[in-house]
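Structure assessment
In case you want the letters, here they are:
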Amino acid sequence: MSMDNALRVLQKYFGYTQFRDGQQKVIESLLKGEDTLAIMPTGAGKSLSYQIPALLFQGTTLVISPLISLMKDQVDALQQFGVPATFINSSLTFSEVRSRIGRAARGEYKLLYVAPERLESDSFGILLRSLNVSFLAIDEAHCVSQWGHDFRPSYLQLGPFLRSLPQKPIIGAFTATATEEVQRDIVRLLELNQPNVFVTGFDRPNLSFTTIRGENKKAFVLEYAQIHNDQAGIIYAGTRKEVDQLQVFLRKHGLKAGKYHAGMSDQDRQKSQDDFLFDETPIMVATNAFGMGIDKSNVRYVIHYNMPKNMEAYYQEAGRAGRDGEPGECILLFSAQDVVLQRFLIEQSVFQPERKLNEHKKLQGMVDYCHTSRCLRKTILEYFGEEDIQDQCGNCSNCKDVREMVDITLDAQKIFSCIYRMRERFGIGMVAEVLKGSRKAKIFELNFDKLSTYGLMRETSLQEIKDLINYLVAESYLQLSTGEYPVLKLLPAAVSVIKGEANVLKKVSQQPARDLAEEVSLFDRLRALRKQLASQENLPPYMIFADSTLREMSQVCPVNPREMIRISGVGERKLEKYGDIFLNEIANFREASEPKGVNSTFFPARDTSDATLKPSRERADLNSTAKDMSKNKLASHMQSLLLYQEGYSIKEIGKVRKITELTVQDHLVRCSLEGHAVPWDDFIPLEQEPLILEAVKKVGREKLRPIKDLLPAEVEWFTIRAVLEKHKILY
Ligand code: ADP
Ligand code: MG
């Protein structure tokens, strides 16, 4: 079976032009009939790596997927792409199960999703044997390992189940977890036969990483969520209690926030998950129980309210942002208490001492990440064993940090000496109260009002004092002891500060960037349309089109189906189903942003001898020309071309006709398609043309996105379109 077929299937069903890094090799290996273990980070595209072979193999592919609650979503998403698929889990009656297997045996489904629990049932096993499965795909394969963080005992049934089959199918195992123990367990317990193992690069360039230490977390989260209130985001908190509190807090401030943790009823969790998937509640506050198997592609940010226990867990959770390849923001809020909690959890665990030690080591890796001033991306990738990584990614808080350092030595000295005078026997709250000069009974009982440091920071708010102490812990001037009541101790660095031998610096806290107030854009309009269609069909919006697809549509503004199918993410099925309605919306938007009455007019014979129209003409001239035109009757796009031929720039045309530059560009393309000559060279910087042609040679001209991806960022969409139009005869 050739990769050409695989590529054709990718284009036809999914509307993508190329395989991503890693997908190609994994698919090749499977098509050769070899057992394959694929380790690819979250969002890299594991699903397609088994769905494409499944579409090419004879018969039905069995997909093992851990979460019953999400099977329906996965199957719905496939059906949206026109792929025949169904699922079997405990929500179905036995006769329904039998009927689905029967239909699978008759070739009605290419993929059958099955929960691992089903394999424990004998009657189900017998039914399955009638199916003659040739390919078994095991998603989230790390669930088989007790070393992993999502161990599912039922995954252990897979080995015996496989042995019971008359003929061993090809096995593909997929996971994002890279540790060696887990890898070994997968190969051993799933009985992979000399598997090809592929580890894809772990970098996710569209994600930005930020760590924030010693900041008021609640205030930060609130402000961030307010600024990004129309975007979907996940906020992970460490405990159920913290999830409950944070969700109530955000709601109180008028934000639409849902929650998810293991202490809720199945029904409540399902509802909350659905509301998030359907963009009803954009914010999800959750413990790490939430997320596995959630393929929502338009999650724009993931905030960790508490530090997770290790890098594997962090990268998996943070990686749920930006699956669609659009920018995603990953923010980790660090506080020293998180370390205390994680240490405590490891100590409380039932692990053997050797295993505990290993967990402590991993925890330290996570703590180091929170403190490093090196590039965060480099730190992550090195943790996962990658080499030759550039020193600066330019897209993490350390690379982008241009904040000013402020000297806080004096405040630090006050805090340190207060802790010293309180004999290093109290926690953050009490120390802050003393510095603030609190009048609580406890303070007087302990005679702290007699201390020379009492009320020394009266002018500062209590919360700010606490934040400052947290910062000093995070920066290792202070240590927070373990145990139920953590107390503050001075570390050697603090002693030098008290003695006046060293200064303490703090970067001035950074406000998250505010999005510029934007007028309603075409992208917003398309998003609204998507939402409306989604609720009619009872589907999550991202299953209609991904954000990245809408973004490209709004930039390219396709005018007909031929242009529409060029958009990445538009395959045959979706074109048929949604093409017209989205084309219509795009056309409406363009019309609405143009002056009234233009389209229904006609243009008189033009006096070409009119020499008054020169590029350098006065503004008044320009306006009157445009007005003349609107009075006359010529298709809108032709009017733009005429103005251009008369020497107006695209910008000027947009301004005077009260349409966007994008629309003007689109007009020119339309004229060109209709056979009018457009001086494309005006829009093509000399040095970019060969680059663009080169890229087109590589990936074809079917879609713009792959071409753009191959080019330097400064090459504009419109330049690519211009080159394509200029050279249309050649391709
Ligand atoms: P994973 O399971 O590895 O976390 P998914 O399979 O959910 O990732 O894929 C993440 C996103 O990437 C999905 O929205 C999917 O449609 C998209 N995707 C996968 N392969 C490609 C490709 N070759 N081109 C463009 N988008 C892709
Ligand atoms: Mg997946």
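Given the structure is predicted, the values throughout are model-derived calculations rather than measurements.

1. Some remarks on the domain arrangement of the protein chain
Quite often, the size of an interface is put as the accessible area lost when its parts meet. Splitting the protein chain by domain gives domain 1 (3-199), domain 2 (207-383), domain 3 (404-508), domain 4 (516-593) and domain 5 (619-726). In this structure, domain 3 and domain 4 have C-alpha centres spaced 55 Å apart.

2. Quick look at the site of ligand 1
Around ligand 1 there are 16 residues in total, and Tyr16, Gln18, Gly43, Ser47 and Arg323 lie nearest to it. Between a nitrogen atom of ligand 1 and a side-chain N or O atom of glutamine 23, the distance comes to 2.9 Å. The contact in question runs from an oxygen atom of ligand 1 to an N or O atom on the backbone of alanine 44, over 3.5 Å. Taking 570 Å² as the accessible area of ligand 1 by itself, protein coverage stands at 86%. Considering each element in turn, the shell around ligand 1 owes the most residues, three residues, to helix H3 (residues 46-56). The class makeup of the residues in the shell around ligand 1 is five nonpolar, seven polar and four charged. Here the shell around ligand 1 gathers at least three residues from each of two domains, domain 1 (3-199) and domain 2 (207-383).

3. Thoughts on the pairing of strand E2 (residues 61-64)
Moving residue by residue along a regular strand, the side chains alternate between the two faces of the sheet. What you see with E2 is no split at all: Thr61 and Val63 on one side and Leu62 and Ile64 on the other are buried throughout. Here E2 runs beside strand E4 (residues 111-114); their pairing, made up of four bridges, is parallel. When the bridges of E4 are listed, isoleucine 64 appears paired with valine 114. Inspection of the sheet shows E2 paired to strand E5 (residues 135-138) by four bridges, in the parallel sense. Within the sheet, the bridge partner assigned to valine 63 lies in E5 and is alanine 137.

4. Quick word on the side chain of threonine 61
Within the secondary structure, threonine 61 is located in strand E2. Given a relative accessible area of 1%, threonine 61 falls into the buried group. Setting aside chain neighbours within four positions, we find threonine 61 in contact with Ala54, Lys110, Leu111, Leu112 and Phe135.

5. Here we look at unusual backbone geometry
In the Ramachandran plot, glutamate 140 falls in the positive-phi region, its phi being about 50° despite a non-glycine side chain. Turning to its location among the elements, glutamate 140 is positioned in the loop between E5 and helix H7 (158-164). Look at glutamate 424: it is not a glycine, yet its phi comes out positive at around 50°. Looking at the element boundaries, glutamate 424 is found in the loop between helix H17 (409-421) and helix H18 (428-436). Taking the relative accessible area as the measure of exposure, glutamate 424 reaches 23% and is therefore partly exposed.

6. Thoughts on the side chain of arginine 118
Examined against the element boundaries, arginine 118 turns out to sit in the loop between E4 and helix H6 (122-129). Although arginine 118 is buried, it forms no salt bridge, and the closest oppositely charged side chain is glutamate 117 at an N-O distance of 7.9 Å. For arginine 118, the residues in contact, after removing those within four places along its chain, are Ile88, Asn89, Ser90, Val97 and Phe124.

7. Examining the pattern of salt bridges
Tallying each qualifying case throughout the model produces 39 salt bridges. The salt bridge involving aspartate 547 is made with arginine 300; its shortest N-O contact spans 2.9 Å. A residue pair is termed long-range when its members are at least 10 positions apart, and aspartate 547 in helix H23 (residues 547-556) and arginine 300 in strand E12 (residues 299-304) qualify at 247 residues. Given a relative accessible area of 12%, arginine 300 falls into the buried group.

8. Description of the environment of isoleucine 331
If you trace the backbone, isoleucine 331 turns up in strand E13 (residues 328-334). We classify isoleucine 331 as buried; its relative accessible area is 2%. Linking isoleucine 331 and alanine 318, residues 13 residues apart in sequence, is a C-alpha distance of 8.1 Å. Setting aside chain neighbours within four positions, we find isoleucine 331 in contact with Thr210, Ile212, Phe220, Tyr224, Val302, Ile303, His304 and Tyr314.

9. Considerations on the pairing of strand E1 (residues 36-39)
Along E1, one buried face is formed by Thr36 and Ala38 and the opposite face, lined by Leu37 and Ile39, is buried too. As defined by bridge partners, E1 adjoins strand E6 (residues 170-175) across four bridges and the pair is classed as parallel. Looking at E6, one finds that threonine 36 is bridged to glycine 172. By the bridge criterion, four bridges tie E1 to strand E7 (residues 196-199) in an arrangement that is parallel. Bridge assignment links threonine 36 to a residue of E7, and that residue is asparagine 196.

10. Section: the sheet that holds strand E10 (residues 257-260)
Judged by pairing direction, the sheet is parallel, and its six strands sit side by side in the order E8-E13-E12-E9-E11-E10 without closing on themselves. If you trace the sheet from one side to the other, it starts and ends with strand E8 (207-213) and E10, each paired once. Averaged over neighbouring strand pairs, the angle between their axes works out to 15° when direction is ignored.

11. Quick word on the environment of arginine 421
Relative to the helices and strands, arginine 421 is located in helix H17. Since its relative accessible area comes to 42%, arginine 421 is described here as partly exposed. As for arginine 421 and phenylalanine 448, which are separated by 27 residues in sequence, their C-alpha atoms are 9.1 Å apart. Setting aside its immediate chain neighbours within four residues, arginine 421 contacts Leu451, Ser452 and Thr453. At 3.3 Å, the side chain of arginine 421 and the side chain of serine 452 are in polar contact.

12. Quick look at helix H29 (residues 661-673)
Think of an α-helix as turning once every 3.6 residues; residues three or four places apart then point the same way. The first and last C-alpha atoms of H29 sit 19 Å apart over 13 residues, in line with the 18 Å expected at 1.5 Å per residue. Regarding H29, the residues found buried are Thr663, Val664, Gln665, Asp666, His667, Leu668, Val669, Cys671 and Ser672. The inward-facing, buried residues of H29 abut H23, helix H25 (572-592), helix H27 (636-645), helix H28 (650-657) and helix H32 (717-726). At the C-terminal side of H29, glycine 675 shows a positive phi close to 100°.

13. Thoughts on the packing of helix H12 (residues 311-318) against helix H14 (residues 353-371)
Packing of H12 against H14 brings their axes to within 8 Å, and their N-to-C directions diverge by 55°. Considered as vectors, H12 and H14 are oriented oblique to each other. Here Met311, Glu312 and Tyr314 of H12 come into contact with H14, specifically with Lys362, Met366 and Tyr369. Taken together, the residues that form the contact of H12 with H14 break down as four nonpolar, no polar and two charged.

14. Concerning the nonpolar core
As a rule of thumb, nonpolar side chains are buried together in soluble globular proteins. Counting residues in each nonpolar core, the largest one holds 136 residues, and the members touching the most others are Phe209, Tyr369, Met553 and Phe582. Here phenylalanine 582 is in contact with Leu526, Leu529, Arg530, Leu533, Ile544, Phe545, Leu550, Met553 and Met564, once residues within four sequence places are set aside.

15. Quick look at the sheet that holds E6
Strand order in the open sheet made by the seven strands is E3-E4-E2-E5-E6-E1-E7, with parallel pairing throughout. Both outer strands of the open sheet, strand E3 (85-88) and E7, are each paired with one neighbouring strand and no more. Ignoring which end each strand starts from, the neighbouring axes of this sheet average 20° apart. Lying over the sheet, H3 contacts E2, E4, E5 and E6, oriented at roughly 135° with respect to E4. Sitting on the sheet, helix H4 (residues 68-80) touches E3 and E4, and the angle it makes with E3 is about 170°.

16. Topic: a nonpolar patch on the surface
A cluster of nonpolar residues, Leu341, Phe344 and Leu345, forms a patch on the protein surface that exposes about 260 Å² of accessible area. Summarising the element assignment, leucine 341 is placed in helix H13 (residues 336-348). A relative accessible area of 33% means that leucine 341 is categorised as partly exposed.

Cut-offs and rules
Residues numbered from 1 in each chain as written. Chains lettered and ligands numbered in written order. Predicted model: local features only at pLDDT ≥ 70, side-chain atom pairs only at ≥ 80, totals over all residues. Heavy atoms only, no water. Domains from an automatic or database assignment. Near = heavy atom within 4 Å. Polar contact = N/O pair within 3.5 Å; in protein donor to acceptor, adjacent residues only side chain to side chain. Areas by Shrake-Rupley, 256 points an atom, 1.4 Å probe, with all protein chains shown as cover. Helix = DSSP H or I, 4+ residues; strand = E, 2+ residues; numbered from the N terminus. Nonpolar A, V, L, I, M, F, W, Y, C, P; charged D, E, K, R; others polar. Buried < 20%, exposed > 50% of the residue type's maximum accessible area, 1.4 Å probe, protein only. Pairing = 2+ DSSP bridges. Contact = heavy atoms within 4.5 Å. Lys, Arg positive; Asp, Glu negative; His and termini not counted. Salt bridge = Lys/Arg side-chain N within 4 Å of Asp/Glu carboxyl O. Axes fitted to C-alpha atoms, helices over the stretch in contact; angles between N-to-C directions. Expected span 1.5 Å × (residues − 1). Parallel < 35°, antiparallel > 145°, perpendicular 65-115°, else oblique. Core = buried A, V, L, I, M, F, W, Y, C linked by side-chain atoms within 4.5 Å. Patch = residues over 30% accessible without salt bridge, like charges linked within 9 Å, V, L, I, M, F, W, Y side chains within 5 Å.

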